[in-house]
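Analysis of the macromolecular model
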Amino acid sequence: MNLNISGYTNLLCLLGHPAQHSKSPAMHNEACSILGLDYCYLAFDIEPHEIETAVKSLRLFGSRGFNLTMPFKESVIPYLDELSKASYLCQSVNTVVNENGKLYGHTTDGIGYMDSLRDVDFDIRGGKMTLLGAGGAAKSILTQAALDGVKEIFLFKRKNASFQDTVSFAERIQKETNAKIMVLDMADEYELKQAIGKSDLLVNATNVGMEEDISLVKKEFLRQDLFVSDIIYHPSMTRLLKDAKEVGARYLNGEYMLLFQGAAAFELWTGQKMPTEEIKKRCFS
Ligand code: NAP
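Residues numbered from 1 in each chain as written. Predicted model: local features only at pLDDT ≥ 70, side-chain atom pairs only at ≥ 80, totals over all residues. Heavy atoms only, no water.

**Overview of the site of the ligand**
Selection rule: Definition of nearness: a residue and a molecule or strand are near each other if at least one heavy atom of the residue lies within 4 Å of the molecule or strand. Nitrogen and oxygen atoms within 3.5 Å of one another constitute a polar contact, given that in protein one can donate a hydrogen and the other can accept it, and given that sequence-neighbouring residues count only through two side-chain atoms. Put simply, DSSP H or I for four residues or longer makes a helix, DSSP E for two residues or longer makes a strand, and each gets a number counted from the N terminus. Residue type decides the class: Asp, Glu, Lys and Arg count as charged, Ala, Val, Leu, Ile, Met, Phe, Trp, Tyr, Cys and Pro as nonpolar, and the leftover types, Gly among them, as polar.
Looking at the ligand, there are 21 residues lining it, with Ala-134, Ala-137, Lys-157, Asn-160 and Ile-231 nearest. Gly-135 places a main-chain nitrogen or oxygen 3.1 Å from an oxygen atom of the ligand. Within the contact set of the ligand, an oxygen atom lies 3.4 Å away from a backbone nitrogen or oxygen of Leu-258. Residue assignment for the shell around the ligand shows that the elements contributing at least two residues are helix H5 (136-148) and helix H9 (255-270). Class assignment of the residues belonging to the shell around the ligand gives a composition of 12 nonpolar, 7 polar and 2 charged.

Below you can see the structure in the form of structure tokens.
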């Protein structure tokens with residue numbers, strides 16, 4: 001932990017509601033301490049209507065940058081100067097970089113997810129994936145997967161009021177990338193089984209599995225050569241991952257997505273690679 005705070009120390013932070021539970025302060029402060037970088041990372045729990053004031057203040061204080069978590073990933077956008085391509089496509093920002101007073105918005109959730117796959121030597125480029133959910137995290141993952149060269153994506157979502165918006169979002173991503181994207185009804189078990197049968201990777205990006213020991217996917221839809229991942233990290237083994245383990249499939253939870261989205265943000269701010277192996281030991285074991 002960096003305790004050498006001086007008048008030169010630059011502020012990095014997280015804005016969220018809630019924010020205090022986050023692992024980001026521990027992760028970034030450890031990384032700064034290991035590399036001898038003069039930053040201090042704090043977490044601020046602010047009310048939804050305070051986002052504009054918070055962004056203005058951080059700009060005034062000359063903060064090098066900040067992270068956003070729920071509920072600010074979209075509502076921060078009007079207060080920024082420019083967005084990265086991925087951020088623009090999925091209309092989500094989790095990292096802001098201050099370049100001489102100009103604020104650039106990025107989304108590193110999708111990068112973090114793709115890097116967490118690379119970290120366990122799983123390469124989905126050119127392959128097919130089934131993605132469950134169409135919330136902020138799912139959109140960021142889908143965008144990055146499409147930008148990185150995943151060939152076909154089956155996106156399952158509840159057929160509710162936001163279904164058509166998800167279809168429009170998928171059409172936008174499809175137009176901007178080479179990925180073929182189908183948006184399907186989560187309640188359609190036949191389609192789900194078919195899609196998983198064709199996929200190399202299954203990703204749960206919904207909240208299902210966090211509070212209860214349940215899964216949106218029947219165990220018999222899984223198979224040994226399917227890679228199964230859940231972006232939930234608490235609990236570390238959701239019902240979906242337990243089922244994957246039982247059928248002998250490779251599986252991964254969301255812990256290292258969290259690590260690698262932070263690592264990508266860290267590099268944008270500092271220009272240096274986060275020492276992720278050391279951070280795994282110090283903050284994730
Ligand atoms: P979000 O924007 O609220 O989206 C939640 C999604 O889950 C929505 O698409 C929603 O469907 C779907 N959903 C919720 N309950 C469902 C149900 N019973 N059946 C089917 N679909 C259901 O949340 P988010 O920010 O994307 O986060 C989603 C999960 O990812 C959370 O558990 C969060 O903790 C985790 N997460 C992990 C990381 C990481 O770094 N590992 C990062 C971000 C988020 P509708 O669209 O139909 O409403």
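**As for the sheet that holds strand S9 (residues 180-185)**
Put simply, the rule reads: Strand pairing is assigned whenever DSSP detects at least two bridges linking the two strands. Axis definition: a line fitted to C-alpha atoms, over the contacting stretch in the case of helices. Angles run 0 to 180 degrees between N-to-C directions.
Taken together, 6 strands build an open sheet; the order of strands is S9-S8-S7-S10-S11-S12 and the sheet is parallel. This sheet does not close on itself; its edge strands, each paired only once, are S9 and strand S12 (250-252). Neighbour-to-neighbour, the strand axes of this sheet turn through a mean angle of 15°, independent of strand direction. Bridge count for strand S10 (residues 201-204) against strand S11 (residues 227-230) is 4 bridges, and the pairing is parallel. Considered in S11, the bridge of Leu-202 is made with Val-228.

**Brief notes about empty space enclosed by the protein**
Defined as follows: Grid points spaced at 1 Å over the protein atoms alone were grouped into cavities, where a 1.4 Å probe fits but cannot get out, and pockets, open sets with protein on both sides within 12 Å along at least five of seven lines, with lining residues defined by an atom within 4 Å of a point. Grid points are joined across faces, edges and corners, and a volume is the space filled by probe spheres set on the points.
Overall, the coordinates contain 2 cavities of 30 Å³ or more when judged by the stated rule. Residue lining of the largest cavity: Met-114, Leu-117, Arg-118, Phe-122, Asp-123, Ile-124 and Arg-125, and that is the complete set. When the residues that make up the lining of the largest cavity are grouped by side-chain class, the tally is 4 nonpolar, no polar and 3 charged. Lining the second largest cavity we find Leu-132, Asn-204, Val-208, Ile-214, Ser-215, Leu-216, Val-217, Asp-230 and Leu-240. The class makeup of the residues in the lining of the second largest cavity is 6 nonpolar, 2 polar and 1 charged.

**Focus: the sheet that holds strand S4 (residues 82-83)**
Here is the rule: The contact criterion used is simple: two residues touch if any of their non-hydrogen atoms lie within 4.5 Å.
An order of S2-S1-S3-S5-S6-S4 is seen for the 6 strands of this open sheet, with the pairing classed as mixed. Of all the strands in the sheet, just strand S2 (39-45) and S4 have a single pairing partner and so form its edges. In this sheet, strand S3 (residues 65-68) lies alongside strand S1 (residues 10-16) in parallel orientation, the contact comprising 4 bridges. In the strand pairing of S3, Leu-12 is matched with Gly-65. Most of the contacts of helix H1 (residues 24-35) go to S2, to which it runs at about 175°, and overall it touches S2 and S3. Packing against the sheet, helix H2 (residues 51-60) makes contact with S1, S3, strand S5 (95-99) and strand S6 (102-106), and its axis sits at approximately 170° to S1.

**Some words on the packing of H1 against helix H10 (residues 276-283)**
Two measures define how a pair of helices packs: the angle their axes make with one another and the distance between the axes. Our working definition: Under this scheme an angle from 65 to 115 degrees is roughly perpendicular, one under 35 degrees roughly parallel, and one over 145 degrees roughly antiparallel; angles in between are oblique. For a crossing to be left-handed, the near helix must be turned anticlockwise from the far one by less than a right angle; the clockwise case is right-handed.
Two elements in contact, H1 and H10, have axes whose closest approach is 10 Å; the angle formed by their N-to-C orientations is 125°. One element, H1, and the other, H10, form an angle in the oblique class. When the axes of H1 and H10 are compared, the crossing they make is right-handed. Across the interface between the two elements, Ala-26, Met-27, Glu-30, Ala-31 and Ile-34 of H1 pack against Glu-278, Ile-279, Arg-282 and Cys-283 of H10. Of the residues assigned to the contact of H1 with H10, the class counts are 6 nonpolar, no polar and 3 charged.

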